[in-house]
2 protein chains.
Amino acid sequence: MRRFVRDLITEWRRLKMPFEGQTVVIGVSGGADSVSLLLAMHDLWTKQKIRLRLVAAHFNHKLRGEESDADEEFVRQLTGRLGVEFAVGRGSIQTAGNVEQNARRARYDFLRETATKLDAFAVLTGHTINDQAETVLMNLVRGSGPDGLSGMRTVRQLGEEHCSQPDKTSEMLPFANILLVRPLLSWATRINTEAFCNDSGIEYRYDTMNEDTAFKRVRIRKILLPLLEDMNPNIIETLANTASLMQAVVDSSGTSKYVSSNGSDLNLNDLRVIPEAERSGQIRDWLGRCRGTTRQLQLKHIQAIERLVVSPKSGRTVELPGGKVVKSAGRLIYEENRVEN
Amino acid sequence: MRRFVRDLITEWRRLKMPFEGQTVVIGVSGGADSVSLLLAMHDLWTKQKIRLRLVAAHFNHKLRGEESDADEEFVRQLTGRLGVEFAVGRGSIQTAGNVEQNARRARYDFLRETATKLDAFAVLTGHTINDQAETVLMNLVRGSGPDGLSGMRTVRQLGEEHCSQPDKTSEMLPFANILLVRPLLSWATRINTEAFCNDSGIEYRYDTMNEDTAFKRVRIRKILLPLLEDMNPNIIETLANTASLMQAVVDSSGTSKYVSSNGSDLNLNDLRVIPEAERSGQIRDWLGRCRGTTRQLQLKHIQAIERLVVSPKSGRTVELPGGKVVKSAGRLIYEENRVEN
């Protein structure tokens, strides 16, 4: 068994994931990361190490015209050759606002819907150590406490990221307890995934959006990380290690320290008992998670929300760029403005 | 009273520092940060807001020949004009090894000795928000958990940084409980300190070593931070805020979570009870603090120290580049190799 596949099954075991009798959806964009994950999972399936129903799911966000369609066609053909079931979703992404975020949301909506329909226990994505390092830096740059510096979790409930539409997620489409699992996150680098595809004789697609430094993540990958690499050649692993140290701290500090939040809501009583100095950071972190960015958030916004927390006379709503925060039933709720078509 | 002076006395009060009957040593390099601190403290003294004996202390590290002597002369003349007592130390810094670190150690040795002789309650330094942001980035790049990302503390015991010479610090020169206080750290930017000097009609010295990108801190200041500023114009304040959020977490997690360390020593029992996954990070962080860097530290070194922790048969010593770790009396002790002259 090749090293990459062995490392994957070792991680699968470590994460206590099931080996049979279940369905799993693999998100496949066509890039090296997700293709290597699909190939390695399929390899484990053919070797009967994993007896799960594998379904590859691709979301065509139509952002790059023919290129997007070619990505879809590539994944369709690859899954056809492998004999893996294939699900495709298509959608037009709002190009107003944060395009990256809109695309990400539409993709996760599709993955969650697919997993729900198929009664899958989990959606797998091909995030690597590199993505983790980039996430840590993104959060550091936008301003974040321990939570943001923890980066992505290897396993979490799918749905938490959808705090933009609390009504939809909580009422229209109840979560079927689906996991989001990133089985490459803790050990594979982008170099590993590309090498595994190459060694497998399988091409992968290259996303031209990865070159567009208008996107903050691309700037971090193309400009910031190479600079940091000059100072520390192991910067990727170093940042990923920082993320796991931070996760340990965040997990151990528990709800008495951290404000509990189900994503869209923030518990007012929790916010009231923490030291005042931390309150603004907590609110900021939470809004960052809800909005996908803290861009355009100003001190006056945070202060208005703090008044909402401490004063019974401060009204019920604070308007923010792109949305608002509502005080209701002992919680703060973030509601995003709907983009008009 | 000018804004800068008002902010300083507000911080002095917040930190619960004494207002009379004591001696305080102010470290003055001649740069804008320390000169502004000296000027503002002196202003509070002339206005009788603070009735402390002020002593300016300058360490001439002789690293830049005539320039270093001119710095000394500048501080001497400035203190003379202000009528503030002046203490000077001179030393030749080891140019082998980490020059920055050697210079820093010699400077703190001098400041501590001066404070001890004068029976001062504290040494003040002119570190600003900018220094805090740089420290967070330095630690992030070299690899650090929550502790390193907490940056500098506004108030701490002086002496903790001297883990290179545990024998000397613990036996030859017992600490007289002297505080290291950074009264500008939480609110003043470099721009503030320069403006305050300019508004006071006082020149300040410019350290040409601040231009030498051979020093990691200078690379961070001159190259990394401007790049991050493109992504977040408030990056300095953002990083300083991250540091204080991290401090709150580190403080709240207490010794049950964090390995207690007096700088040079690490408690073995503490290390044994934390999860294995965190042990290597804790050891690495500790060595980073002791050595001033994690450079040249390899995985095999950390692993050898972990064996020292868990196995009674693993010997007493692990050799590291530039020093060694010794297991003794239930603790790990870091001892730096002495540089030969």
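Residues numbered from 1 in each chain as written. Chains lettered and ligands numbered in written order. Predicted model: local features only at pLDDT ≥ 70, side-chain atom pairs only at ≥ 80, totals over all residues. Heavy atoms only, no water.

Thoughts on the overall build of chain A
Helices and strands together make up the secondary structure of chain A, namely 13 helices and ten strands. Per-residue burial over chain A gives 57% buried out of 341 residues. Pairs at least 24 apart in sequence give 69% of the contacts found in chain A among residues at least 6 apart. Of the accessible surface of chain A, which amounts to about 15,200 Å², a share of 47% is contributed by carbon and sulfur atoms. (Helix = DSSP H or I, 4+ residues; strand = E, 2+ residues; numbered from the N terminus. Buried < 20%, exposed > 50% of the residue type's maximum accessible area, 1.4 Å probe, protein only. Contact = heavy atoms within 4.5 Å. Areas by Shrake-Rupley, 256 points an atom, 1.4 Å probe, with all protein chains shown as cover.)

Some details on the packing of helix α5 (residues 129–142) of chain B against helix α9 (residues 216–231) of chain B
All names here are of chain B. It is the contact of α5 with α9, at a shortest axis distance of 10 Å, that shows an interaxial angle of 100°. What the angle tells us is that α5 and α9 run roughly perpendicular. Within the contact between the two elements, α5 uses Asp131, Glu134, Thr135, Leu137 and Met138 and α9 uses Lys216, Arg217, Ile220, Arg221, Leu224, Leu225 and Leu228. (Axes fitted to C-alpha atoms, helices over the stretch in contact; angles between N-to-C directions. Parallel < 35°, antiparallel > 145°, perpendicular 65-115°, else oblique.)

A few points about the relation of the copies chain B and chain A
Note on the copies: chain B fits chain A at an RMSD of 0.1 Å, the axial shift is 0.1 Å, and the rotation between them is 180°. The superposition of one copy onto the other is thereby described by a two-fold rotation axis. Here 100% of the contact residues of chain B are again contact residues in chain A; the copies associate through an equivalent surface. (Least-squares fit on C-alpha atoms with pLDDT ≥ 70 in both.)

Things to note about helix α4 (residues 99–118) of chain A
Across its 20 residues, α4(A) extends 29 Å between first and last C-alpha, which sits within 8% of the 28 Å expected from 1.5 Å per residue. Taken from the residues just after α4(A), A:Asp119 is the one with a positive phi, measuring 60°. (Expected span 1.5 Å × (residues − 1).)

Observations regarding the sheet that holds strand β5 (residues 155–157) of chain A
All names here are of chain A. Read across the sheet, six strands follow the order β3-β2-β1-β4-β6-β5 without closing on themselves; strand pairing throughout is mixed. Each end of this open sheet is capped by a strand with a single partner; those strands are β3 (85–90) and β5. When strand polarity is set aside, the average angle formed by the axes of neighbouring strands in this sheet is 25°. One ladder, built from three bridges, connects strand β4 (residues 122–124) with strand β6 (residues 179–181); its direction is parallel. Residue pairing across strands places Val123 opposite Leu180, the latter belonging to β6. (Pairing = 2+ DSSP bridges.)

As for the sheet that holds strand β5 (residues 155–157) of chain B
Residue and element names in this part refer to chain B. An order of β3-β2-β1-β4-β6-β5 is seen for the six strands of this open sheet, with the pairing classed as mixed. Two strands bound the open sheet, and with one partner strand each, they are β3 (85–90) and β5. With direction set aside, neighbouring strand axes in the sheet form an average angle of 25°. Bridge count between strand β1 (residues 20–27) and strand β2 (residues 51–60): six bridges; the pairing is parallel. Within β2, the position partnered with Val24 by the bridge is Leu54. Where helix α2 (residues 32–46) meets the sheet, it contacts β1, β2 and β4 (122–124), and its direction lies at approximately 160° from that of β2.

What to know about the packing of aromatic side chains
Residue and element names in this part refer to chain A. Taken as a whole and judged by the stated rule, the model has eight aromatic pairs over all chains. Here Phe4 and Phe196 contribute two aromatic rings whose centre-to-centre distance is 4.4 Å and whose plane-to-plane angle is 20°, an arrangement assigned as stacked. Placement of Phe4 in helix α1 (residues 3–14) and of Phe196 in helix α8 (residues 190–199) is noted, with a sequence separation of 192 residues between them. Pair check on accessibility: Phe4 and Phe196 agree, each one buried. Pairwise contacts between aromatic rings join Phe4, Trp187 and Phe196 into one cluster. (Phe/Tyr/Trp six-rings, centres within 6.5 Å; stacked < 30°, edge-to-face > 60°.)

Observations regarding the nonpolar core
Counting 39 residues, the largest nonpolar core has A:Leu224 and B:Leu224 as the members making the most contacts within it. Elements that contribute at least two residues to this core include exactly α5 (129–142), α9 (216–231) and α10 (235–257) of chain A together with α5, α9 and α10 (235–257) of chain B. Sort the elements by how many residues they give to this core and α5(A) lands first, with seven residues. (Core = buried A, V, L, I, M, F, W, Y, C linked by side-chain atoms within 4.5 Å.)

Points about the side chain of B:Asn60
All names here are of chain B. Here Asn60 is to be found in strand β2. Among the polar contacts made by the side chain of Asn60, one reaches the main-chain amide nitrogen of Lys62 at a distance of 2.9 Å. Setting aside anything within four residues of it in sequence, one finds Asn60 in contact with Ser68, Asp69, Glu72, Gly89, Arg90 and Gly91. (Polar contact = N/O pair within 3.5 Å; in protein donor to acceptor, adjacent residues only side chain to side chain.)

Re the interface of chain B and chain A
The partner chain A presents 31 residues to the 31 residues of chain B that form the contact. Scanning the region where chain B abuts chain A turns up zero salt bridges. The interface formed by chain B and chain A holds four residue pairs in polar contact (both at pLDDT 80 or more) in total. Listing elements by their share of the side of chain B that touches chain A, those giving two or more residues are α5, α6 (146–149), α9, α10 and α12 (276–291) of chain B. Each residue belonging to the side of chain B that touches chain A can be placed in one class, and the counts come to 18 nonpolar, eight polar and five charged. (Salt bridge = Lys/Arg side-chain N within 4 Å of Asp/Glu carboxyl O. Nonpolar A, V, L, I, M, F, W, Y, C, P; charged D, E, K, R; others polar.)

Things to note about the packing of helix α2 (residues 32–46) of chain A against helix α3 (residues 66–82) of chain A
All names here are of chain A. Remark: α2 packs on α3, axes separated minimally by 12 Å, with the N-to-C direction vectors making an angle of 10°. Relative to α3, the element α2 lies roughly parallel. Of the residues in α3, those touching α2 at Val35, Leu38, Leu39 and His42 are Phe74, Leu78, Thr79 and Leu82. Along the lines of polarity and charge, the residues of the contact of α2 with α3 split into six nonpolar, two polar and no charged.

Remarks on the confidence of the model for chain A
Residues and elements named next belong to chain A. Of all residues in chain A, 88% attain a pLDDT of 70 or more, and the chain-wide mean is 85. Within chain A, the element-level pLDDT minimum falls on helix α7 (residues 166–172), averaging 38, and the maximum on α2, averaging 98. Contacts from residues 162–174, a stretch scored under 50 in pLDDT, to residues over four places away or in other chains number 24 contacts. Scored below 50 in pLDDT, residues 254–260 shows 22 contacts in the model against residues more than four places distant or in partner chains. Under the prediction, the complex receives an ipTM of 0.71, its pTM being 0.73. (pLDDT = per-residue confidence, 0-100.)

Some details on unusual backbone geometry
One non-glycine residue, A:Asp119, lies in the positive phi region at around 60°. One non-glycine residue, B:Lys16, adopts positive backbone phi at about 60°. Of note, B:Lys16 is situated in the loop between α1 (3–14) and β1. The class of B:Lys16 is exposed, set by a relative accessible area of 72%.

Re the pairing of strand β9 (residues 323–328) of chain A
All names here are of chain A. Taken together, the four bridges between strand β8 (residues 317–320) and β9 define a ladder with antiparallel strand orientation. Paired with Leu320 across the bridge in β9 is Gly323. The loop that links β8 with its antiparallel partner β9 comprises two residues; one of these, Gly322, has a positive phi angle of about 90°.

Concerning the side chain of A:Glu11
Residue and element names in this part refer to chain A. Within the secondary structure, Glu11 sits in helix α1. By relative accessible area, Glu11 is classed as buried at 5%. Here Arg14 takes part through its side chain, which lies 2.8 Å from a polar atom of the side chain of Glu11. If near-sequence neighbours (up to four positions away) are discounted, Glu11 is found in contact with Thr154, Pro183, Ser186 and Trp187.

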